[in-house]
Amino acid sequence: MNRPSSKLFVRTELIPAKTPPLSEIGVAKWVRENLFSNTLNSILTILSFFLIYWLLAQILPWMTQGVWEAGSLNECRKIRESLGESTNVACWAVINERWNQLLFGFYPPESYWRPILALILFSFAISPVLFISVRKELYLLTFTSPFLCYWLLWGNTVWGPVSAAFSFLLGILLFQQISRSKLSILSVPITFVFVVLYWWFLLTPVAEQLDSFIPISLTYIPSKEFGGFMLALIIGITGIILSLPIGILLALGRQSKLLIINKICVFFIEIIRGVPLIVWLFTASLLLNYFLPPGTNFDLMLRVVIMVTLFASAYMAEVIRGGLAALPVGQHEGSSSLGLNYWQSMRLIILPQALKISIPGIVNTFIGLFKDTTLVVFIGLLDPIGLSNAIRATTDWNGIYWELFIFIGLLFFVCCFSMSRYSQFLERRLQTEHR
Amino acid sequence: MSQASQESTVNDKNMTAFGEPIIQIQKMNKWFGQFHVLKEIDLEVITGERIVICGPSGSGKSTLIRCINRLEEHQEGQIVVDGIELTSDLKHIEQVRREVGMVFQHFNLFPHLTVLENCALAPIWVRKQPKAEAEATAMSYLERVKIPDQALKYPGQLSGGQQQRVAIARSLCMQPRIMLFDEPTSALDPEMIKEVLDVMIELADTGMTMLVVTHEMGFARTVANRVIFMDEGQIIEQNEPEEFFNNPQSDRTKLFLSQILQH
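Keep in mind that what you see is a predicted model, and the values were worked out from it rather than measured.

A. Highlighting the pairing of strand S1 (residues 21-32) of chain B. All names here are of chain B. Relative to strand S2 (residues 35-46), S1 is paired through eight bridges, and the arrangement is antiparallel. Bridging from a neighbouring strand, Pro21 pairs with Ile46 of S2. Between S1 and S2, which follow one another and run antiparallel, lie two residues, and Gly33 among them has a positive phi close to 60 degrees. Summarising the sheet, S1 and strand S4 (residues 76-81) pair through five bridges and their orientation is antiparallel. Of the residues in S4, the one forming a bridge with Ile25 is Ile79.

B. View of the domain arrangement of chain A. All names here are of chain A. By domain assignment, chain A separates into domain 1 (25-95), domain 2 (99-107 + 225-435), domain 3 (110-155) and domain 4 (156-218). The C-alpha-based centres of domain 3 and domain 4 are spaced at 21 Å. Opposite the eight residues of domain 3 that make contact, domain 4 presents 10 residues. For the pair domain 3 and domain 4, the summed buried surface comes to about 690 Å²; carbon and sulfur atoms form 84% of the total. Three residues, Phe147, Trp151 and Gly155, lead the burial of domain 3 against domain 4; their summed loss comes to 80% of the area buried on that side. Put simply, domain 3 and domain 4 have zero salt bridges between them. At the junction of domain 3 and domain 4, the tally comes to one residue pair in polar contact (both at pLDDT 80 or more).

C. Seen up close, empty space enclosed by the protein. Residue and element names in this part refer to chain B. Overall, the coordinates contain one cavity of 30 Å³ or more when judged by the stated rule. The space that makes up the largest cavity amounts to roughly 60 Å³. Lining the largest cavity are Tyr141, Arg144, Val145, Leu172, Val199, Glu202 and Leu203. At the level of elements, helix H5 (131-144) and helix H7 (190-205) are the ones that each hand at least two residues to the lining of the largest cavity. Here the element with the most residues in the lining of the largest cavity is H7; it accounts for three residues.

D. Structural context of the sheet that holds strand S3 (residues 50-54) of chain B. All names here are of chain B. Strand order in this open sheet of six strands is S6-S7-S8-S3-S9-S10, and the pairing throughout is mixed. With one partner strand each, in any of the chains shown, strand S6 (100-103) and strand S10 (234-239) form the two edges of the open sheet. Averaged over neighbouring strand pairs, the angle between their axes works out to 20 degrees when direction is ignored. Pairing of S3 with strand S9 (residues 226-231), which is carried by four bridges, proceeds in the parallel orientation. Among the inter-strand pairings, Ile51 is bridged to a residue of S9, identified as Arg226. Relative to the sheet, helix H2 (residues 61-68) contacts S3, S6, strand S7 (178-182), strand S8 (209-213) and S9, its axis offset from that of S7 by approximately 150 degrees.

Cut-offs used in this document
- For every chain, the first residue of the written sequence is number 1, and numbering continues from 1 along that sequence.
- Chains carry letters from A onward and ligands carry numbers from 1 onward, assigned in written order.
- Side-chain atom pairs in this predicted model are given and counted only at pLDDT of 80 or more, local residue features only at pLDDT of at least 70, and totals for whole chains, interfaces and linings cover all residues.
- Excluded from the side-chain calculations are hydrogens and water; all other atoms, namely the structure's heavy atoms, are used.
- Think of it this way: DSSP has to see at least two bridges between two strands before they count as a pair.
- The way it works is that DSSP assigns letters per residue, a run of H or I at least four long becomes a helix, a run of E at least two long becomes a strand, and they are numbered from the N terminus.
- Domains are outlined according to an automatic or database domain assignment.
- A contact between two residues is defined here by any heavy atoms of the two lying within 4.5 Å.
- Throughout, buried area stands for the accessible area (probe radius 1.4 Å) lost by two parts on being put together, summed over both.
- What makes a salt bridge here is a side-chain nitrogen of Lys or Arg within 4 Å of a carboxyl oxygen of Asp or Glu, nothing more.
- Pairing of N or O atoms within 3.5 Å defines a polar contact, subject to two protein rules: one partner must be a possible hydrogen donor and the other a possible acceptor, and residues neighboring in sequence count only if both atoms are side-chain atoms.
- Put simply, the grid is 1 Å and covers the protein atoms alone, a cavity is a trapped set of points that fit a 1.4 Å probe, a pocket is an open set with protein on both sides within 12 Å along at least five of seven lines, and lining residues have an atom within 4 Å of a point.
- Grid points are joined across faces, edges and corners, and a volume is the space filled by probe spheres set on the points.
- Simply put, an axis is a line fit to the C-alpha atoms, just over the touching stretch for a helix, and the angle between two N-to-C directions goes from 0 to 180 degrees.

Below is the structure:
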């Protein structure tokens with residue numbers, strides 16, 4: 001008969017905290033909880049270990065003992081046979097011999113330094129953006145690097161990209177001037193028209209004039225010589241960088257109360273999203289030629305970049321719209337009540353939060369876009385897959401599959417996995433709720 | 001003759017603080033779709049007045065003060081705030097919002113910015129103040145609401161009461177002429193209500209024009225010059241607090257007061 005006592009109880013001394021028992025901390029606890037928590041779990045753990053061991057025992061020797069020095073698949077086979085009757089090892093010799101093609105396509109080997117330098121330059125240029133640096137001078141390189149990279153990759157006179165950069169600089173100055181004047185509502189269209197007119201009429205003459213004064217140029221390398229992983233990187237990175245801002249504008253447009261803008265954005269997003277990328281790529285490569293005036297030389301690679309970018313922006317717009325919709329309406333009200341106008345409130349309050357929420361989706365779209373660049377093989381661009389087909393078509397390497405695809409797969413995996421890791425880093429860094 | 005001017009003659013102790021009418025609402029009507037939320041609202045607020053608006057939920061009191069800074073659009077009638085008429089003209093709306101601060105039930109702080117950044121943001125971007133100056137002002141207001149030590153934390157790390165005090169400081173940083181409070185204590189735990197009300201009382205002592213939607217009748221008694229009772233989208237009764245609580249005229253008011261004051 002243990003009834004709760006109604007006697008007065010007062011605690012005079014508080015119980016101090018003690019350390020937990022050993023079985024509750026460290027490795028022992030982890031192993032017990034995660035691997036051997038009950039009989040079934042223990043059996044599954046042991047079975048899984050055996051399975052992993054068996055798989056690795058098959059694959060690792062094949063990979064690590066592979067043949068690196070051989071001129072053709074037949075040579076590889078002979079070396080393999082000499083190693084023993086049942087040995088089955090990889091023939092990495094194909095990578096050893098053709099890696100430059102897989103990476104650079106038919107880009108002239110004496111100019112390999114140019115894409116490599118462009119990549120290094122780009123990595124430096126992008127780092128202040130990726131790691132949100134506050135030092136403004138670092139962003140100078142970020143803004144000049146697209147033009148420098150273009151010049152390094154395609155060559156020709158340096159004044160072409162300089163003239164292009166100049167047009168944007170003028171555009172920005174013009175925009176600032178108009179925004180301060182009475183015509184501020186028209187600042188965006190006027191700037192846009194100005195830049196277009198500049199590109200139409202002044203871009204080449206300005207570049208030619210400058211070039212005749214100070215000729216600085218690199219050997220011109222036409223787009224059809226670009227290929228391999230370099231091509232995938234160029235299309236992928238350009239698409240990624242351009243699709244984010246376009247996607248943001250489309251998402252804002254889709255949320256807009258202005259009927260025309262709203263409908264245009266909805267139409268664009270649904271049309272682009274509703275048709276497979278491969279169809280758009282064929283459109284870019286075949287159909288556009290019918291619509292463009294005869295004699296226009298509109299670079300196929302440029303057309304593909306535009307298509308891939310538009311395709312990714314439609315997806316991006318929907319991902320960001322999800323982020324925008326997830327924000328409580330109070331954030332809009334809070335910023336409006338302080339007197340912030342639409343663009344200020346978007347830039348300072350709404351988008352930073354909406355983009356943060358959308359990071360997983362955005363990076364997902366980036367990764368998708370990057371892998372989709374392999375589809376350009378169908379319209380005759382020599383991406384890594386296209387080159388692997390070309391390599392297998394030679395008599396030397398006819399019949400080799402695994403080694404090439406593993407190499408290509410590894411290249412893509414490294415890039416995509418880094419993006420995924422980066423997104424997790426960014427999410428942690430932007431976490432402000434429970435710090 | 002408007003109620004407000006009668007009021008100002010009644011309230012002798014505050015005569016000196018009063019001046020020109022700062023908010024004029026005439027024959028204002030608002031609908032949400034088919035639903036007629038605000039009916040024929042006439043209201044004049046004089047500089048320095050402190051008005052408490054109460055009423056059952058759904059009576060349109062929040063909607064009314066949200067119309068004053070155009071978070072809600074009215075369809076009929078006229079609202080003039082500080083000499084500027086609220087129309088669909090964005091310039092006018094932005095001008096009014098600069099002069100009207102608002103405090104929300106759910107604070108609506110910006111969770112991705114620190115407390116200090118929350119406060120300094122609008123002065124920097126809207127008033128174009130230099131950053132250092134805006135931050136100094138922000139710090140002084142954070143001191144006034146007694147949380148300068150939290151300036152570098154994020155809103156998510158503060159308690160509800162602290163967040164609401166930051167929200168008040170954030171509005172004050174714009175140095176508004178009018179402050180609107182939309183149920184500022186309704187989302188707070190009981191022990192935090194007092195710290196927020198204390199800040200609001202202090203603000204009232206500075207002579208700020210305040211419109212407060214609240215159920216805190218104690219606050220209404222001590223601070224308000226005028227209490228407005230709303231029901232079904234209409235102003236049912238308005239009076240000075242003493243009279244309003246001790247001698248309510250309409251049956252609806254009596255019923256409402258008996259329901260909220262019985263504890």
